[in-house]
Amino acid sequence: MGRSYAGILGSLAFATVVFRAALMGSGVEATCATAALAMTIAATAGFLLGSVAEMAVNDSVRAIVQAQIQPTETGQSRPEQRPA
């Protein structure tokens, strides 16, 4: 998830800087340098946020599965159902 967020946010930051520079008529060299810096910062932030989100989802799923498995491991079973 971290790599996906990094790719999306980095590309979005780069495109935003280039679009803004095109509207304002900025120079190409300064625009490329600013866009590369914005892409690096946004990609890093996206990677960190995506990694934290992935860990949170994994921990949540692990806790749910562990809660479902635990009664089986301790020997507890479902109560038998008696025919009506």
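This text goes with the structure placed above it.
Procedures and definitions
- Residues numbered from 1 in each chain as written.
- Predicted model: local features only at pLDDT ≥ 70, side-chain atom pairs only at ≥ 80, totals over all residues.
- Heavy atoms only, no water.
- Helix = DSSP H or I, 4+ residues; strand = E, 2+ residues; numbered from the N terminus.
- Buried < 20%, exposed > 50% of the residue type's maximum accessible area, 1.4 Å probe, protein only.
- Areas by Shrake-Rupley, 256 points an atom, 1.4 Å probe, with all protein chains shown as cover.
- Expected span 1.5 Å × (residues − 1).
- Patch = residues over 30% accessible without salt bridge, like charges linked within 9 Å, V, L, I, M, F, W, Y side chains within 5 Å.
- Salt bridge = Lys/Arg side-chain N within 4 Å of Asp/Glu carboxyl O.
- Contact = heavy atoms within 4.5 Å.

S.K.: What is the right way to read the overall build of the protein from this model?
M.R.: For the protein, the helix and strand inventory stands at two helices and zero strands. The burial tally for the protein puts 13% of its 84 residues in the buried class. In the form shown here, the protein has an accessible surface area of approximately 6,800 Å², with 65% of it arising from carbon and sulfur atoms.

S.K.: Even after reading the chapter, I still don't get helix α1 (residues 2-24), so can you show me in this structure?
M.R.: For an α-helix, 3.6 residues make a turn, and residues three or four places apart therefore share a direction. A rise of 1.5 Å per residue sets the reference length of α1, with its 23 residues, at 33 Å; its end C-alpha atoms lie 33 Å apart and thus fit the reference within 8%. Regarding α1, the residues found buried are Gly2, Ala6, Gly10, Ala13, Val17 and Ala21. One or two residues past the end of α1 sits Gly25, with phi positive at roughly 75°.

S.K.: Just checking my understanding: could you explain a nonpolar patch on the surface for this structure?
M.R.: A cluster of nonpolar side chains, contributed by Met1, Tyr5, Ile8, Leu9, Leu12, Leu49, Val57, Val61, Val65 and Ile69, occupies part of the molecular surface with about 860 Å² of accessible area. Those elements giving two or more residues to the nonpolar patch turn out to be α1 and α2 (28-73). Of note, Val61 is situated in helix α2.

S.K.: Honestly, the pattern of salt bridges in this entry has me stumped. Any pointers?
M.R.: Within this structure, the stated rule accounts for one salt bridge. With a closest N to O distance of 3.2 Å, Asp59 and Arg62 form a salt bridge. Of the two residues, Asp59 and Arg62 are both situated in helix α2; the distance of three residues between them amounts to about one turn of the helix. Under the relative-accessibility criterion, Arg62 is labelled exposed at 54%.

S.K.: Can you help me understand the environment of Ser51 in this one?
M.R.: When you line up the elements, Ser51 lands in helix α2. C-alpha separation for the pair Ser51 and Tyr5, spaced 46 residues apart in sequence, amounts to 8.8 Å.

S.K.: Help me understand the side chain of Thr31 in this model?
M.R.: With respect to the element layout, Thr31 can be found in helix α2. Judged by relative accessible area, Thr31 falls into the buried class, the value being 12%. Leaving out residues up to four positions away in the same chain, Thr31 has contacts with Val17, Val18, Ala21 and Ser26.

S.K.: When you look at the environment of Glu54 in this model, what are you seeing that I'm missing?
M.R.: Mapped onto the elements of the fold, Glu54 is located in helix α2. Separated by 53 residues in the primary sequence, Glu54 and Met1 place their C-alpha atoms 6.0 Å from one another. When sequence neighbours within four positions are dropped, the list of residues in contact with Glu54 reads Met1 and Gly2.

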